[in-house]
Amino acid sequence: MAKTATKTSAAAKIVKSSKIDLASNTKTKVVGLLNERLADGIDLALVTKQAHWNLKGPGFIAVHLMLDGFRDELDVHVDTVAERIAQLGGIALGTAQTTADATSLKAYPTDIISVQDHLNALIERYADAANKVREAIDACDEAGDADSADILTAYSRMLDKSLWFLQSNLG
């Protein structure tokens, strides 16, 4: 329990001043929310590559190439989220260790090979990430940070589109 409280407070801590005109408690809350979504985004980018490298079977090349595009898009949104954390005076927590510790996504199976199994595993994680991003949009709005909510809205649209593509490959 104490470890979780320490992780949460470290993820939301404001460490440098920012002239962005938001209340200090708003910045602290939003930095915490963004770090949570940052961990999930980094994890999602990594599992997307895990699937890209290891899938085999019918539809391989189309899914293989599609996943490369998803990874590129994820990297753009993850970078934007991390930079917003820094703009607000926080520290973006994006190391392998902090990501592994903070992600809310279910661990990705490393023993699967078939295109269908990878699609199903990715669908579950993309849907989970997208739902949590939508929750964070509302929380940022409620906290009074429309700019962070807007950043997450763009990210949400990308996740929803990727999820649609993944699901469309199942037939």
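Residues numbered from 1 in each chain as written. Predicted model: local features only at pLDDT ≥ 70, side-chain atom pairs only at ≥ 80, totals over all residues. Heavy atoms only, no water.

1. Side note on the confidence of the model for the protein
Phase 1: Confidence in the prediction of the protein, expressed as mean pLDDT, is 92, and 92% of residues score 70 or more.
Phase 2: Segment residues 1–6 is flagged for pLDDT under 50; beyond a separation of four residues in sequence, or across chains, it makes one contact in the model. (pLDDT = per-residue confidence, 0-100. Contact = heavy atoms within 4.5 Å.)

2. Structural notes on the packing of aromatic side chains
Phase 1: Applying the stated criterion across every chain, the model contains three aromatic pairs.
Phase 2: A centroid spacing of 5.9 Å and a plane angle of 55° characterise the contact between Phe 70 and Tyr 126, whose relative ring orientation is tilted. Here the residue Phe 70 occupies a position in helix H3 (residues 60–87), and Tyr 126 occupies one in helix H5 (residues 115–143), the gap between them amounting to 56 residues. Of the two residues, Phe 70 and Tyr 126, neither departs from the other in class, the shared state being buried. (Phe/Tyr/Trp six-rings, centres within 6.5 Å; stacked < 30°, edge-to-face > 60°. Helix = DSSP H or I, 4+ residues; strand = E, 2+ residues; numbered from the N terminus. Buried < 20%, exposed > 50% of the residue type's maximum accessible area, 1.4 Å probe, protein only.)

3. Examining a negative patch on the surface
Phase 1: Negative charge collects at one region of the surface, where Glu 135, Asp 138, Asp 141 and Glu 142 lie side by side.
Phase 2: Note that Glu 142 resides in helix H5.
Phase 3: Given the relative accessible area of 72%, Glu 142 is considered exposed. (Patch = residues over 30% accessible without salt bridge, like charges linked within 9 Å, V, L, I, M, F, W, Y side chains within 5 Å. Areas by Shrake-Rupley, 256 points an atom, 1.4 Å probe, with all protein chains shown as cover. Salt bridge = Lys/Arg side-chain N within 4 Å of Asp/Glu carboxyl O. Lys, Arg positive; Asp, Glu negative; His and termini not counted. Charge placed at Lys NZ, Arg CZ, Asp CG, Glu CD.)

4. Points about the environment of Ala 23
Phase 1: Residue position: Ala 23 is located in the loop between helix H1 (2–12) and helix H2 (24–54).
Phase 2: Distance from Ala 23 to Gly 57, taken between C-alpha atoms, is 53 Å for residues 34 residues apart in sequence.

5. Description of the environment of Ser 114
Phase 1: Within the secondary structure layout, Ser 114 lies in the loop between helix H4 (96–102) and H5.
Phase 2: C-alpha separation for the pair Ser 114 and Asp 141, spaced 27 residues apart in sequence, amounts to 41 Å.

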